[in-house]
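For reference, the chains in residue letters:
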Amino acid sequence: MTTNSKYNFKWEDLGDIRLGRPNLGTNTHVAVYRLMQYTMRDVLEKQLGPDKTNLFFIDAGFKAGVEFCKNILDCTLGFDDFGANLADKLLEFGIGVLRFEKADLEKMSFLLTVGEDLDCSGLPYSGVAFCDYDEGFIAGIMHQYTNLNFEVKEIDCWGTGDRTCRFAVELAKS
Amino acid sequence: MNSEGKDTFSILNQILTFLVEGKINLALEKFGKMEEELGSQISNPEFIANFREFIQQYHEGAVFLREIANGNLDVSPPADPKRHNYSITQFKQLHSNLLHLTWQTQQIAKGDLKQKVSFLGEFSIGFNKMIESLREKKLMEEQIVLQLDELQKLNAEKDKFFSIIAHDLRNPFVAFLGFTELMAENFDSYTLTEIHEMANDLKTSAQNLHALLENLLEWSRIQRGMIGINTESFLLLPKITEILLSVNESAEKKNISVIIDVPKDLSIKADINMLASTVRNLATNAIKFTPQGGMVTVAAVLGENQSIQFSVSDSGIGMNKALLQKLFRMNEHTSRPGTEGEPSTGLGLLLCKDFVEKQGGRIWVESEEGQGSTFFFTIPQK
């Protein structure tokens, strides 16, 4: 991994985890992931304000989604099989339980839920949807698969008192 | 609640009664009037606010369930502005499950039989069994289609076999019988030269019949899976020369030059009998469809991926596109007589294709009408 300011993330930067962690393996406690995400949010919000911080997480999630799709998913599949592939991989990586509620391929409009979401499941009610990173992540995956731009909005979240994250995925207007 | 007056308690009891009886509109109306009439007497506004929200959620929940019961999933679950009502969350979960179930049934309708339902207990078990049963049925259907294809192929082979027996084998026999009858009945009236000519015609006819029977027998053995591959390494040039001895006579009759263009040191690992049959059939065809004075070249080179690539080219009559597309296909009629009426069945090419493919190679042809033809085939060297 380079240390200069022109750093561009590459999948290889994740390293050979199995080689590096022969005993601890690829898994870690969810709390550790959240500790990093929410302390980072804390620092960024104090420095940049909430709006910029949200955009920061959406952009980072988008990049992660693109790379996840490139390196983990099979983009040659038709949409239905791609959806199944995505659900399998989200489960395998412990990201969440993906379910489609609606899929309109003509309008490229989707309603999907992610149960036991890595980012927010179990968080106390705060009145705020937390999953900006997930929004970007889903948008990145969809962009990489379709070469189109999407707007993803989380409409239900543990943070807003729901028990499943629900995302509306629509083609970007511009 | 105890702090409220008796009137308030009585009205709330009426409202609850309306709710229990399912008369939601009356309950809402009564509640509205109660707030108007008893506004100043209500000492605990939080209790009333909670009661109002309860009625509202009860009302929205009832509407939601009514719509769901009528099959309308476009309805929204009750609003929960304070976000602490566990029942409302369950409404949302029910809605989500039903939407997902609907999506799953749409996927199943599109042929995705990997879907599994995981809620509603016994329903899930029954539903998943139904999908499993559909999956088994689909597999059976796919097997039936495969078997049907196989049956159609076998039927085409049978038709081809009978067609050859009925026409291609019968006609030369008729000519053969005709000659023998003529000789038997009129032997004394023929001159020695005429008898010699007839004997030559009989020989040619017998050779053609023999070649056809050989092909028919080999083809029949392939179809019954009786021919296995027996590969060995050998130098190619002497073997090709030996194989082509059998076509020399027919080439000489038409004054056709047969050229062998194979490097002296080129060796091959192949089934000798299969290779001999392939080269002989292709060379026989080339001579058959080349007019007097033409040329046939049999060549072999070391091609791509360590394959030996053979070619049999001629300066003959060539083929049009329609005929080219029919070659190597069992269910197509491709036979046509040679330039001097030599018989042809198309069976030889089917044999060639089977033998080449059994050895992991491929066969193809390039030709233009009036410009001759070149048949290519490869034998991989593993």
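In case you missed it, the structure is sitting above this.
Below you will find a few notes about this structure. What you see is a predicted model, and the numbers here were worked out from it, not measured in a lab.

A closer look at the interface of chain A and chain B
How big an interface is tends to be reported as the loss of accessible area on association of its parts.
Here's step 1: Taken together, the contact between chain A and chain B spans 16 residues of the former and 15 residues of the latter.
Here's step 2: Summing both sides of the interface, chain A and chain B together bury roughly 1,500 Å²; the carbon and sulfur share of this comes to 42%.
Here's step 3: Considering only the side of chain A, the residues that lose the most area to chain B are Asp80(A), Arg99(A) and Glu101(A), jointly responsible for 35% of the buried surface there.
Here's step 4: Where chain A touches chain B, the interface holds 5 salt bridges.
Here's step 5: Counting the contacts that link chain A with chain B gives 11 residue pairs in polar contact (both at pLDDT 80 or more).

Some details on the sheet that holds strand S7 (residues 373-380) of chain B
All names here are of chain B.
Here's step 1: Strand order in the open sheet made by the 5 strands is S2-S4-S5-S7-S6, with mixed pairing throughout. In this open sheet, the two strands that pair with only one neighbour each are strand S2 (257-261) and strand S6 (363-367). Geometrically, the sheet is characterised by an average inter-axis angle of 15° between neighbouring strands, direction not taken into account.
Here's step 2: Note: strand S4 (residues 295-302) against strand S5 (residues 307-314), 7 bridges, orientation antiparallel. In the sheet register, Ala299 faces S5, and the bridge partner there is Ser311.

Topic: empty space enclosed by the protein
Here's step 1: For the coordinates displayed, the defined rule picks out 3 cavities of 30 Å³ or more.
Here's step 2: Sorting the residues of the lining of the largest cavity by element identifies helix H4 (79-92), strand S1 (97-104), strand S2 (109-115) and helix H5 (132-146) of chain A as the ones contributing at least two each.
Here's step 3: Per element, the largest residue contribution to the lining of the largest cavity is 5 residues, and it comes from H5(A).
Here's step 4: The residue inventory of the lining of the largest cavity, partitioned by class, reads 14 nonpolar, no polar and 2 charged.
Here's step 5: Looking at the second largest cavity, the residues that line it are Asp156(A), Asp162(A), Arg163(A), Thr164(A), Arg166(A), Thr89(B), Lys92(B), Gln93(B) and Ser96(B).

Thoughts on the side chain of Thr160(A)
Residue and element names in this part refer to chain A.
Here's step 1: Position of Thr160 among the secondary structure elements: in the loop between strand S3 (150-156) and strand S4 (165-171).
Here's step 2: Residue class for Thr160 comes out buried when judged on its relative accessible area of 11%.
Here's step 3: In terms of polar contacts, Thr160 uses its side chain to reach the backbone carbonyl oxygen of Cys157, at 2.9 Å.
Here's step 4: Within the local environment of Thr160, its side chain forms a polar contact with the side chain of Asp162, the two groups lying 3.4 Å apart.

Quick look at helix H2 (residues 30-48) of chain A
Residue pairs three or four apart in sequence face the same way in an α-helix, which turns once every 3.6 residues.
All names here are of chain A.
Here's step 1: Counted at 1.5 Å a residue, the expected span for H2 with its 19 residues is 27 Å, and the 26 Å between its end C-alpha atoms agrees.
Here's step 2: When H2 is considered as a whole, its buried residues turn out to be Arg34, Gln37, Arg41 and Leu44. All buried residues of H2 project into a common sector of 105° when viewed along the axis, lining one side. H2 presents Leu35, Met36, Lys46 and Gln47 as exposed residues on the side facing more than 90 degrees away from its buried surface.
Here's step 3: Those residues of H2 that are buried lie in contact with helix H3 (50-72) and H5.
Here's step 4: One or two steps after H2, the chain reaches Gly49, where phi turns positive at roughly 90°.

Looking at unusual backbone geometry
Here's step 1: The backbone phi angle of Asn147(A) is positive, close to 65°, even though this residue is not glycine.
Here's step 2: In this structure, Asn147(A) sits in the loop between H5 and S3.
Here's step 3: In this structure Asn147(A) comes out as exposed when scored by relative accessible area, which is 64%.
Here's step 4: Positive phi values are uncommon outside glycine, yet Asn255(B) reaches one of about 55°.
Here's step 5: Along the chain, Asn255(B) falls in the loop between helix H8 (248-253) and S2.
Here's step 6: By relative accessible area, which is 57% here, Asn255(B) ends up exposed.

Thoughts on the packing of aromatic side chains
Here's step 1: Applying the stated criterion across every chain, the model contains 17 aromatic pairs over all chains.
Here's step 2: Judged by centre distance (5.4 Å) and plane angle (80°), the ring pair of Phe68(A) and Phe93(A) falls under edge-to-face. You can see Phe68(A) sitting in helix H3 and its partner Phe93(A) sitting in the loop between H4 and S1, a full 25 residues away along the chain.
Here's step 3: Look at Phe68(A) and you get buried, because its relative accessible area is 5%.
Here's step 4: Take Phe93(A): its relative accessible area is 43%, and that puts it in the partly exposed class.
Here's step 5: Here the aromatic rings of Phe31(B) and Phe51(B) are separated by 5.9 Å at their centres, their planes lie at 25°, and the arrangement is stacked. Highlighted residues: Phe31(B) in helix H2 (residues 24-38) and Phe51(B) in helix H3 (residues 45-69), separated in sequence by 20 residues. The pair formed by Phe31(B) and Phe51(B) is uniform in burial state, with each residue classed as buried.
Here's step 6: Aromatic ring contacts, followed pair by pair, group Phe79(A), Phe82(A), Phe100(A), Phe110(A), Tyr145(A) and Trp103(B) into a single cluster.
Here's step 7: Lying over the aromatic face of Trp364(B), Arg362(B) brings its terminal NZ or CZ to 4.0 Å of the ring centre.

Side note on the nonpolar core
Here's step 1: The biggest cluster of nonpolar side chains holds 38 residues, and the ones touching the most others in it are Leu236(B), Ile240(B), Ile268(B), Val279(B), Phe310(B), Phe375(B) and Phe377(B).
Here's step 2: Listing elements by their share of this core, those giving two or more residues are helix H7 (236-245), strand S3 (267-271), helix H9 (272-288), S4, S5, helix H11 (347-358), S6 and S7 of chain B.
Here's step 3: When sequence neighbours within four positions are dropped, the list of residues in contact with Ile240(B) reads Ile260(B), Val262(B), Val279(B), Val298(B) and Phe310(B).
Here's step 4: The next biggest cluster of nonpolar side chains, apart from the first, holds 33 residues, and it includes Leu86(A), Leu90(A), Met108(A) and Ile138(A).

As for the sheet that holds S2(A)
Residues and elements named next belong to chain A.
Here's step 1: The antiparallel open sheet is built from 4 strands, whose spatial order is S1-S2-S4-S3. At either end of the open sheet lies a strand with only one pairing partner, and these are S1 and S3. Averaged over all adjacent pairs, the angle separating strand axes in this sheet is 20°, with direction ignored.
Here's step 2: Sheet topology note: the S2/S4 ladder contains 5 bridges and is antiparallel. Residue pairing across strands places Leu111 opposite Ala168, the latter belonging to S4.
Here's step 3: Each of S1 and S2 touches H4; the most contacted strand, S1, lies at about 160° to it.
Here's step 4: The sheet strands contacting H5 are S2, S3 and S4, and the helix crosses S3 at an angle near 145°.

Rules used throughout
Counting restarts for each chain, with residues numbered from 1 along the sequence as it is written. Labels are handed out in written order, letters beginning with A for the chains and numbers beginning with 1 for the ligands. For this predicted model, a pLDDT threshold of at least 70 governs which residues receive local features, and a threshold of 80 or more governs which side-chain atom pairs are given and counted, while totals over whole chains, interfaces and linings are taken from all residues. Only hydrogens and water are set aside when side-chain values are computed; all heavy atoms of the structure are taken into account. Contacts are assigned to residue pairs that have any heavy atoms within 4.5 Å of one another. Summed over both partners, buried area is the accessible surface (1.4 Å probe) that two parts give up on being assembled. For salt bridges, the criterion is a side-chain nitrogen of Lys or Arg within 4 Å of an Asp or Glu carboxyl oxygen. Nitrogen and oxygen atoms within 3.5 Å of one another constitute a polar contact, given that in protein one can donate a hydrogen and the other can accept it, and given that sequence-neighbouring residues count only through two side-chain atoms. Two strands form a pair only when DSSP identifies at least two bridges running between them. Strands here are runs of E lasting at least two residues and helices are runs of H or I lasting at least four, both read from the DSSP assignment and numbered beginning at the N terminus. Angles here are taken between N-to-C directions and fall from 0 to 180 degrees, while the axes themselves are lines fitted to C-alpha atoms, restricted in helices to the stretch in contact. For cavity detection a 1 Å grid was placed over the protein atoms alone, and a set of points counts as a cavity when a 1.4 Å probe fits there but cannot get out; an open set counts as a pocket when protein lies on both sides within 12 Å along at least five of seven lines, with lining residues being those that have an atom within 4 Å of a point. Grid points are joined across faces, edges and corners, and a volume is the space filled by probe spheres set on the points. The nonpolar class holds Ala, Val, Leu, Ile, Met, Phe, Trp, Tyr, Cys and Pro. Asp, Glu, Lys and Arg form the charged class, and all remaining residues, Gly among them, are polar. Buried means the residue's accessible area, taken with a 1.4 Å probe over protein chains only, is under 20% of the maximum for its type, while exposed means over 50%, and partly exposed covers the values in between. Given the number of residues in a helix, its expected span is that number minus one, multiplied by 1.5 Å. Taking the helix axis as origin, the arc is that swept by the directions to the C-beta atoms. For Phe, Tyr and Trp, where Trp contributes only its six-membered ring, two rings pair if their centres lie within 6.5 Å, and the inter-plane angle classes them as stacked under 30 degrees, edge-to-face over 60, or tilted in between. Two thresholds decide whether a charge sits over a ring: the Lys NZ or Arg CZ must be within 6 Å of the ring centre and within 35 degrees of the ring normal. Definition of nonpolar core: a set of buried residues of the types Ala, Val, Leu, Ile, Met, Phe, Trp, Tyr and Cys, connected through side-chain atoms within 4.5 Å.

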